[in-house]
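Reading the structure
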Amino acid sequence: MPRTAQPVSPMGSFDTPSTVPSARPGIGLALGGGFARGFAHLGVLQVLEEQKIPISHIAGTSVGSILGAAYASGAPLERLVDTCRTLRLRDIARWRVSRLGLASNYCLGDLIERVFESRRFEDLRIPMGVVTTDLACGEPVVFTHGPLVEVIRASCAFPGLFEPVQIGTRYLADGGLVAPVPTLAARTMGNELHGSTPSNIVIGVSVGLQDGYRGAPTNIFQVVSRALSAAQKHQAEIWERQADLVLRPEVQSLAWDDFDRTAEAIDAGAAAARRALPRIRQLMESMDPATLAVPSSLYRPDFWAAEVAQ
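Everything quoted here is computed from the prediction, not taken from an experiment. Counting of residues starts from 1 at the beginning of each chain's written sequence and follows it residue by residue. Local features are withheld for residues below a pLDDT of 70 in this predicted model, meaning they are given only at 70 or higher, and side-chain atom pairs are given and counted only at 80 or more; totals for whole chains, interfaces and linings count all residues. Remark: hydrogens and water are excluded; side-chain values derive from all non-hydrogen atoms of the structure.

**Section: the side chain of R153**
- Here a helix means four or more residues in a row that DSSP labels H or I, a strand means two or more in a row labelled E, and each is numbered from the N terminus. Checked against the element boundaries, R153 lands in helix 5 (residues 149-155).
- In what follows, residue pairs with any heavy atoms lying within 4.5 Å of each other are defined as contacts. Setting aside anything within four residues of it in sequence, one finds R153 in contact with S104, N105, Y106, L108 and V165.

**A few points about the pattern of salt bridges**
- Whenever Lys or Arg places a side-chain nitrogen within 4 Å of a carboxyl oxygen from Asp or Glu, that contact is recorded as a salt bridge. Following the criterion strictly, the structure yields 11 salt bridges and no others.
- In this structure, the salt-bridge partner of E117 is R79, at a minimum N-O distance of 2.7 Å. Of the two residues, E117 is situated in the loop between helix 4 (108-115) and strand 5 (128-134) and R79 in helix 3 (residues 77-86); the sequence distance between them amounts to 38 residues.
- In this scheme, a residue with accessible area under 20% of its type's maximum is buried, one over 50% is exposed, and one in between is partly exposed, where area comes from a 1.4 Å probe on protein chains only. Classification of E117 by relative accessible area gives partly exposed; the value is 41%.
- Judged by its relative accessible area of 29%, R79 is partly exposed.
- Two residues, R261 and D258, come together in a salt bridge whose shortest N-O distance is 3.2 Å.
- A relative accessible area of 22% means that R261 is categorised as partly exposed.

**Examining the packing of aromatic side chains**
- Working definition: a ring pair exists when centres of Phe, Tyr or Trp rings (six-membered ring for Trp) sit within 6.5 Å. Plane angles under 30 degrees give stacked, over 60 give edge-to-face, the rest tilted. For the structure shown, the criterion picks out 2 aromatic pairs.
- Ring geometry for F35 against F158: centres 5.5 Å apart, planes inclined by 70 degrees, an arrangement best described as edge-to-face. Separated by 123 residues along the polypeptide, F35 in the loop between strand 1 (27-31) and helix 1 (40-50) and F158 in the loop between helix 5 and strand 7 (165-167) bring together distant segments of the chain.
- Given a relative accessible area of 1%, F158 falls into the buried group.

**Some remarks on the environment of G204**
- Among the secondary structure elements, G204 is positioned in strand 9 (residues 202-205).
- Judged by relative accessible area, G204 falls into the buried class, the value being 0%.
- Taking the C-alpha atoms as reference points, G204 and A59, 145 residues apart in sequence, are found 9.4 Å from one another.

**As for the environment of R114**
- Counting through the fold element by element, R114 comes out in helix 4.
- Residues R114 and T83, 31 residues apart in the sequence, show an inter-C-alpha distance of 9.6 Å.

**Considerations on the pairing of strand 1**
- Summarising burial for strand 1: 5 of the 5 residues are buried, a large majority.
- By the alternation rule, side chains of strand 1 split into I27, L29 and L31 and G28 and A30, which are all buried.
- Bridge count between strand 1 and strand 2 (residues 55-61): 5 bridges; the pairing is parallel. From the neighbouring strand, L31 faces strand 2, where its bridge partner is G60. Being paired, for any two strands, means DSSP has found at least two bridges between them.

**Some points on the confidence of the model for the chain**
- Mean pLDDT for the chain: 81, with 75% of residues reaching 70 or above.
- What pLDDT expresses is the predictor's confidence in each residue, scored from 0 to 100. Between residues 293-310, whose pLDDT stays under 50, and residues either more than four places distant or in other chains, the model counts 65 contacts.

**Thoughts on helix 1**
- Counting buried residues along helix 1, 8 of its 11 residues qualify, which places the element largely inside the surrounding structure.
- Among all positions of helix 1, only A40, H41, L42, G43, V44, L45, V47 and L48 are buried.
- A positive phi of about 55 degrees marks K52, the residue just after helix 1.

In structure tokens form, the structure reads like this:
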């Protein structure tokens, strides 16, 4: 079980590292939530990898935390794509109606064991931050150290559907409640790595939450997801300010549970990334050349931050 998270201020806080961290070269990614729509993140990662665009660090919310952490662990993209093509809701949810939710997502642990190359933040090849929501105070808690499973489960605990996850004394739920696209977490991690310099570049990937259906809602999940989507629209200006670039894959036609349309989502993510390549290259040209001189394969994080608030 991860260490109990300590209270944080709205500005957030990091543990003081025992050694000064070395800056990994590249851009910071902020991967948003969106259930099956989030498979678009894989398409973005495919294009960045094909174009040899290095990634400095990743922050993830909900499905963005699963795919971001899996990639950061060193799992090959081919494995992630193959896994997502066969993934179904039954692989991440076990129905058991309780006072706190309709299902548990404890079986996410099996998925992580099967797919990830690392089980702890400290062992990831790319520094990773996972955003969760503290249901007691409504504040974000971002984990960057300790075991991955419970933290990712918490970040994916969509309210009303999944039971919240208890870590220490906190009950934590989906990070998308407070950070639909965790750009501020990515920015803060970048400040720790690079300082407030042009080398701290953040690219957000937003896939939205709208359920893909039109007309009146027909079930409780559509009611909850549409209500949350409406609230997130009013947060957009806040998280967009922290991004140098926002990618919006065209996945509006996909419903939250369209797990059988993985290929469409991946293609949409790849198309959005390719359209943005000129701007991404322009941003990278503004970076300090020294930050791009270190081969990313030689980097292993030797520090971790406890948490940073959105």
